[in-house]
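Residues per chain, in single letters:
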Amino acid sequence: MIQSPRGTRDFLPDDMERRRFYESILRQTARRSGFREIQTPIFEEAELFVLRSGPNILKELYAFRDKGGRDLALRPEMTAPAIRAFVNGMSNEPKPIKIFYFGQCFRYERPQSGRYREFFQFGAEIIGAATPETDAEMIAMAIMMIEALGLKDYKVRIGHIGILRRKLADAGVTAEKMPEILQKLDKKLYSEAWPLMEDSGVSREDADSIFETSDTAGGVEVLDGIAGDEAQYMIKVLSYLSAIGVAEPEIDLGVVRGLDYYTGIVFEAEAPALGAEKQVCGGGSYALSELFGGEKVFSTGFAIGFDRVLLALENEGAVSPAEKTDAYVVAASGDVKLKAFEIVGMLRRNGLSADIDLADRKMAKAMKHASSVGSRFAVIVGSEELKSGSVMLRDMSSGEQKAIKIADLPAEIRGH
Ligand code: HAM
């Protein structure tokens, strides 16, 4: 038996109903903050991601050469594609530009619970503003989305990657060596970071101070002891966040983020109950447009790991409403089948969801099917009632039924 490829999943109707329900909450929340949706291709020139992250990224990509000899890759995320789309087609629009996107991403990772090779992100970017207001707007929307979904147990941490970058540069680390060291700091692997830093000429004293910064976390007061403009910038972001009314996030100067394009504010949200793969959202500010051939423009954005946030909601026992069919039309005998088809067509044209037996079942079996598919009503078409232009309408939850004129069916069903 052929299975779906490793790290991918099929979403069956119940799954899709649930996913669409939550997806629409995210869309509404984004629109409410003035964001508009874009869609970019599932695959891009592989170069787009190499420019963003260096050639090492190729190991993590589904990269391939097409029949025309082009090197392509399935997108591992959607920030680089969104900025490419901005450079190609939106750069003359009034800024800041607020966009959002939803779709699948692909990473060649070792699959485990909450980590897939094909997964879905819901993300947003504000392009063309480098202000604390912009960062606050973005963080606030991420938090509002998590709240709108109904997730209860989550934590948001905010950092400023500029602080560690500046301290590393001041201590002698070159731009070239920076990503590798930052990645070790991201995972708090200080004993592995130290030899790399030592190679770059960093003194033990400077290294200890950098490790201390990376371990700095807590309330706004932890910023008191931090020199430089970044801490002042963070305080402004926090004040806008508090004004807009979202829960107070934790400050964590050790937030580095896996992707190495961030330059300013960085933030992450986690659902602790998820265990190893608990990060449900990540984002921050960056400047990528110049790299892709456009003018230099600062942006800030985030992406929610849609699959992970759904797992977290499931763990919390959240239930999404089931979609029911309005009416299931049943022919009581073979001679009224055409009439039953006529009625199902009429109901659908009237904007109701209506279904009908396709398996040539006898009435009792068809009624059973109507109840197992969860229809609100059964419309029983019988030759006797038809003589007076009527059918029987049965409420599937109460079991009550009454004769009703065919012409009155839509209003009657809608009225319930
Ligand atoms: P990221 O942190 O790499 O950031 O991914 C965002 C979210 O996608 C993660 O927090 C996680 O929930 C989810 N995710 C990542 N990999 C997987 C996977 N293999 N399986 C399931 N879920 C996964 C970005 O992608 C940036 N583009 C975010 C951003 C937007 N920054 C600025 N704008």
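Per chain, residue numbering runs from 1 following the sequence as it is written. The predicted origin of the model limits local features to residues at a pLDDT of at least 70 and limits the giving and counting of side-chain atom pairs to 80 or more, whereas totals for whole chains, interfaces and linings rest on all residues. With hydrogens and water set aside, each side-chain value is computed from the structure's full complement of heavy atoms.

Okay, the overall build of the protein chain next. Each helix is a run of DSSP H or I of at least 4 residues and each strand a run of E of at least 2, with the numbering of both proceeding from the N terminus. When you go through the protein chain residue by residue, the secondary structure sums to 14 helices and 17 strands. Each radius of gyration reported is based on C-alpha atoms, and the globular scaling rule is 2.2 Å times the count of residues to the power 0.38. Against the globule reference of 22 Å for 416 residues, the protein chain gives a C-alpha radius of gyration of 28 Å, more extended than a compact globule. The principal-axis extent of the C-alpha atoms belonging to the protein chain is close to 95 × 55 × 45 Å. Working definition: with a 1.4 Å probe on protein chains only, accessible area under 20% of the residue-type maximum means buried, over 50% means exposed, and in between means partly exposed. Here the protein chain holds 416 residues, and 48% of them are scored as buried. Between two residues, a contact is recorded if the distance between any of their heavy atoms is within 4.5 Å. Long-range contacts, defined here as pairs at least 24 residues apart, represent 67% of the contacts in the protein chain between residues at least 6 apart. The Shrake-Rupley method, run with a 1.4 Å probe, gives the accessible areas here. Residue values count only the displayed protein chains as cover. With an accessible surface of roughly 20700 Å², the protein chain has 50% of that area assigned to carbon and sulfur atoms. Across the protein chain, the mean location of the 53 positive side-chain charges is 7 Å away from that of the 63 negative side-chain charges. Positive: Lys, Arg. Negative: Asp, Glu. His and the chain ends are not part of the count. Charge positions come from single atoms, namely NZ of Lys, CZ of Arg, CG of Asp or CD of Glu.

Here we take up the domain arrangement of the protein chain. All domain edges in this entry derive from an automatic or database-based domain assignment. Looking at the assigned domains, one finds that the protein chain contains domain 1 (13-315) and domain 2 (327-414). A C-alpha centroid distance of 52 Å is found between domain 1 and domain 2.

Let us look at the nonpolar core. Residue types Ala, Val, Leu, Ile, Met, Phe, Trp, Tyr and Cys, when buried and joined through side-chain atoms within 4.5 Å, form a set referred to as a nonpolar core. Ranked by size, the top nonpolar core spans 51 residues in total, and within it Leu241 and Phe302 carry the most contacts. Considering each element in turn, this core owes the most residues, 10 residues, to helix α4 (residues 132-149). With residues up to four places along the chain from it excluded, the contact list for Leu241 reads Ala136, Ile139, Ala140, Ile158, Val246 and Pro249. Counting residues in hydrophobic clusters, the runner-up holds 50 residues, among them Ile57, Ile97, Ile99 and Ala193.

Between the rings of Phe, Tyr and Trp (Trp by its six-membered ring), a pair exists once the centres lie within 6.5 Å; its type follows the angle of the planes, with under 30 degrees stacked, over 60 edge-to-face, and the other angles tilted. Under the defined criterion, the tally for this structure stands at 13 aromatic pairs. A ring pair is formed by Tyr190 and Phe211, whose centres lie 4.5 Å apart and whose planes are at 20 degrees; its orientation type is stacked. Of this pair, Tyr190 sits in helix α7 (residues 190-199) while Phe211 sits in helix α8 (residues 204-214), placing them 21 residues apart in sequence. Both rings, one in Tyr261 and one in Tyr262, keep their centres 4.8 Å apart while their planes meet at 45 degrees; by these two values the pair is tilted. One Lys or Arg, Arg19, reaches over the ring of Phe120 and ends 4.8 Å from the middle of that ring. Note on criteria: charge over ring means Lys NZ or Arg CZ within 6 Å of the ring centre, with the direction from the centre no more than 35 degrees off the ring normal. The lysine or arginine in question, Arg117, covers the ring of Tyr108, its NZ or CZ lying 4.2 Å from the ring centre.

This part takes up the sheet that holds strand β16 (residues 390-395). Note on sheets: strands pair through backbone hydrogen bonds, and any given pair is parallel or antiparallel. DSSP bridges decide pairing: two strands pair if at least two such bridges lie between them. Ordered by their spatial adjacency, 5 strands build an open sheet running β14-β13-β15-β16-β17, and the pairing between neighbours is mixed. Strand pairing shows two members of the sheet lacking a second neighbour, β14 (354-356) and β17 (401-405), which therefore form its edges. The mean inter-strand angle of the sheet, taken between neighbouring strand axes irrespective of direction, is 30 degrees. The pairing of strand β13 (residues 327-331) with strand β15 (residues 377-381) spans 5 bridges and is classified as parallel. Each residue of the ladder has a partner; that of Ala331, found in β15, is Val381. Between N-to-C directions, angles cover 0 to 180 degrees, with each direction set by a line fitted to C-alpha atoms, over the stretch in contact for helices. Sheet contacts for helix α11 (residues 337-349): β13, β14, β15 and β16; angle to β14, the most-contacted strand, approximately 160 degrees. Strands in contact with helix α12 (residues 363-372) are β13, β15 and β16; relative to β13, the strand with the most contacts, it is inclined by about 175 degrees.

This paragraph deals with the site of the ligand. Neighbouring residues of the ligand: 26 residues in total, closest Glu77, Thr79, Glu109, Tyr262 and Gln279. Here the ligand loses 96% of its free accessible area of 650 Å² to cover by the protein chains. Among the elements of the structure, β6 (118-127), β11 (279-286) and β12 (299-305) are those that each provide at least two residues to the shell around the ligand. The element best represented in the shell around the ligand is β11, accounting for 6 residues. Put simply, Ala, Val, Leu, Ile, Met, Phe, Trp, Tyr, Cys and Pro go in the nonpolar bin, Asp, Glu, Lys and Arg in the charged bin, and everything else, Gly too, in the polar bin. Residues belonging to the shell around the ligand are distributed by class as follows: 11 nonpolar, 8 polar and 7 charged. Here a residue is considered near a molecule or strand provided that any single heavy atom belonging to it is located within 4 Å of it.

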